[in-house]
Amino acid sequence: MAIGSLGAGSGLDLESLVSDMVSARRDTKVKLYENKLAGYEAELSALGSVGLAIDNFKTFVTTLNDDDLFSGRNAIIQQKEGKESLSIIPDKTASTDTYSIQVNQLAKGSRLVSDISSFSSRDEVVTSSGGELTLTAGDDELVLDVKPDTTLSKLREQINSAGKDLGVSANLVDDGDGHMFFTITSTKTGVGNTLSIDSSNLTLDSAALGGFFPGLSVPLGGDAQDAIITVDGIRVRNDSNEFDKAVAGLTISALDVSKEPIKVDISYNKETVENTIQGFVGSYNELISVFKQNTAKGSVLNGNSMIRNLSSSLASDLMSNHSSEGSAFTSIFDVGVEFLEDGTLSYDSDKFNSAVEEDFDGVASLFIGKNGLATSLDGLLDTYAGPRGMNSTLKDSVTKSIGSTEESLSDYEARMEKYEASLRSKFTNLDTQLANMNAQGSYLNSMLSQL
């Protein structure tokens, strides 16, 4: 309300009169608007909680409705931690079976070492005139343009710079007895990929002719070699330590030579499936709890048709037959999920594990595929979840109602301000007239008192 000196002229409490008249017309209507807004805000908040619960449940349903979840495989390798000889990555085509695998030999690259009498210092000049030096490892070739007056140290730097992408590197080793060894290594593994050097296009100094490049040779055990593993008695060679074709569906990486065969079990990824089903049950129970909380008697969403329809559809879908041809299971209640009296679900791990042992594919068919529960629920929830779902549509409608109500309240407040201004104008005139009349009365009384 505006603050002024209304009534100062007449001596009447016209300020309170204006305030009471405005309040009598304004307060009840404004309270109605405010109550309406509070109801909309509460409804919007409740729909937000419901939407989050629906989206969370939808996430687990979508995860369940994924072929990769049920087609995943685990590789259990019986080897000591910290002393692993192999690692295995199975794909969804791998057979669930047991294998005996031994790592007989690791693949490795090759190494060239100079003769003991070739060099004594890293600063010795290799060539005064320069030329080409060619390093070859299998199909890989590195051609170096060696500049005049290149020293052993500079040649090492040049090889390391140019050869890093091919896995070729050089080093200098001083034995402390006046001998400098020049070494060149290649990481390219496999028989036939041993590193070789060609200095035919490079003019060497006389100091180097004593056997530097001609004397750079492969020491004992320095040849490139294949990796060898034995799978169920069958010997398998490969030019690298990663065997991706030895056993269908398995990528086997040889890490270290093993003294004896290692037992490997390839099984279904049961643990991940079980964790997902437990998450599904938990998120469903959370959804039902949110529904009950927001639709209880006196709650803002009591009687909400969207929640009522979704609850009914979910219960109906859960209790439906989702069996596939040839499967011993007809519903998810056969594999450890149970309906409780309060409408929530429970999970029995022992029953699930028994079902998996009996028929893993049958368990999978209850959730995925044309008749699967997760497939059905995924389609159902598409109508309710996400930015285009029914819940978001309801929230948008409530948000529009809030905006419209706030606009109506603002318009009404503006009208009340005009009404108050009109009253003040009228009472100001009245106050002025009463003040004049009081002044005239006082004057007449004064004149009469003098007669």
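Further up the page is the structure itself.
Overview of the structure. (Residues numbered from 1 in each chain as written. Predicted model: local features only at pLDDT ≥ 70, side-chain atom pairs only at ≥ 80, totals over all residues. Heavy atoms only, no water.)

1. Overview of the sheet that holds strand 6 (residues 131-137)
- Across the sheet, which stays open at both edges, the three strands sit in the order 7-6-11 with antiparallel pairing between neighbours. Since the sheet does not close on itself, it has two edges, and those belong to strand 7 (140-146) and strand 11 (196-198), each with one partner. The average undirected angle you get between the axes of adjacent strands in this sheet is 20°.
- Two strands pair when backbone bridges link them, and strand 6 and strand 11 are joined in this way by three bridges, in the antiparallel orientation. Within strand 11, the position partnered with threonine 134 by the bridge is aspartate 198. (Pairing = 2+ DSSP bridges. Helix = DSSP H or I, 4+ residues; strand = E, 2+ residues; numbered from the N terminus. Axes fitted to C-alpha atoms, helices over the stretch in contact; angles between N-to-C directions.)

2. Considerations on the environment of asparagine 371
- Among the structural elements, asparagine 371 can be located in the loop between helix 7 (360-367) and helix 8 (373-382).
- You can call asparagine 371 partly exposed: its relative accessible area is 40%.
- Each residue touching asparagine 371, except ones within four places of it in the same chain, is listed here: Asn321, His322 and Ser323. (Buried < 20%, exposed > 50% of the residue type's maximum accessible area, 1.4 Å probe, protein only. Contact = heavy atoms within 4.5 Å.)

3. With respect to the nonpolar core
- Grouped together as the largest cluster of nonpolar side chains are 61 residues, with contacts concentrated most on Ile54, Phe57, Phe70, Phe280, Leu314 and Phe367.
- The set of elements that each furnish at least two residues to this core consists of helix 1 (14-64), helix 2 (67-71), helix 4 (270-295), helix 5 (305-318), helix 6 (349-358), helix 7, helix 8 and helix 9 (390-450).
- The biggest single contributor to this core is helix 1, with 15 residues.
- Setting aside chain neighbours within four positions, we find leucine 314 in contact with Phe57, Tyr284, Leu287, Leu377, Leu380 and Leu381. (Core = buried A, V, L, I, M, F, W, Y, C linked by side-chain atoms within 4.5 Å.)

4. Comments concerning the packing of aromatic side chains
- All told, the structure shown has eight aromatic pairs when counted by the stated rule.
- Ring geometry for phenylalanine 70 against phenylalanine 367: centres 6.0 Å apart, planes inclined by 20°, an arrangement best described as stacked. Taken together, the residues span a long stretch of sequence, with phenylalanine 70 in helix 2 and phenylalanine 367 in helix 7 at a distance of 297 residues. Across the pair, phenylalanine 367 and phenylalanine 70 agree in class, each one buried.
- Grouping aromatic residues by their ring pairs yields a cluster made of Phe70, Tyr268, Phe360 and Phe367. (Phe/Tyr/Trp six-rings, centres within 6.5 Å; stacked < 30°, edge-to-face > 60°.)

5. Remarks on helix 6
- All of the buried residues along helix 6 are Phe352, Ala355 and Val356. Across the axial projection of helix 6, the buried residues extend over an arc of 100°, all falling on one side. Away from its buried face by more than 90 degrees, helix 6 exposes Asp350, Glu357 and Glu358.
- Contacts made by the buried residues of helix 6 are with helix 4, strand 18 (345-347) and helix 7. (Arc of directions from axis to C-beta.)

6. Observations regarding the sheet that holds strand 9 (residues 168-174)
- Spatially, the three strands line up as an open sheet ordered 4-10-9, and their pairing is antiparallel. Because the sheet does not close on itself, it has two edges, and the strands there are strand 4 (110-113) and strand 9. Strand-to-strand twist across the sheet, computed as the mean angle between neighbouring axes with direction ignored, equals 20°.
- Here strand 4 runs beside strand 10 (residues 180-186); their pairing, made up of four bridges, is antiparallel. Each bridged residue has a counterpart across the sheet, and for arginine 111 the counterpart in strand 10 is threonine 185.
- Lying on the sheet, helix 3 (residues 152-163) is in contact with strand 9 and strand 10; it crosses strand 9 at an angle near 155°.

7. Notes on the packing of helix 1 against helix 4
- Here helix 1 crosses helix 4 at 160°, and the two axes come no closer than 9 Å. What the angle tells us is that helix 1 and helix 4 run roughly antiparallel. Read as a crossing pair, helix 1 and helix 4 show a hand that is left-handed. Residue-level contacts link Ala46, Ser49, Val50, Ala53, Ile54, Asn56, Phe57, Phe60, Val61, Thr63 and Leu64 of helix 1 to Thr276, Ile277, Gly279, Phe280, Ser283, Tyr284, Glu286, Leu287, Val290, Phe291 and Asn294 of helix 4. (Parallel < 35°, antiparallel > 145°, perpendicular 65-115°, else oblique. Left-handed = near helix turned anticlockwise from the far one by under 90°.)

8. Topic: the environment of leucine 381
- Tracing the chain through its elements places leucine 381 in helix 8.
- What makes leucine 381 buried here is its relative accessible area of 0%.
- A sequence separation of 19 residues divides leucine 381 from lysine 400, and the C-alpha atoms of the two residues are 24 Å apart.
- Contacts of leucine 381, omitting those with residues within four sequence positions, involve Ile54, Phe57, Lys58, Val61, Leu310 and Leu314.

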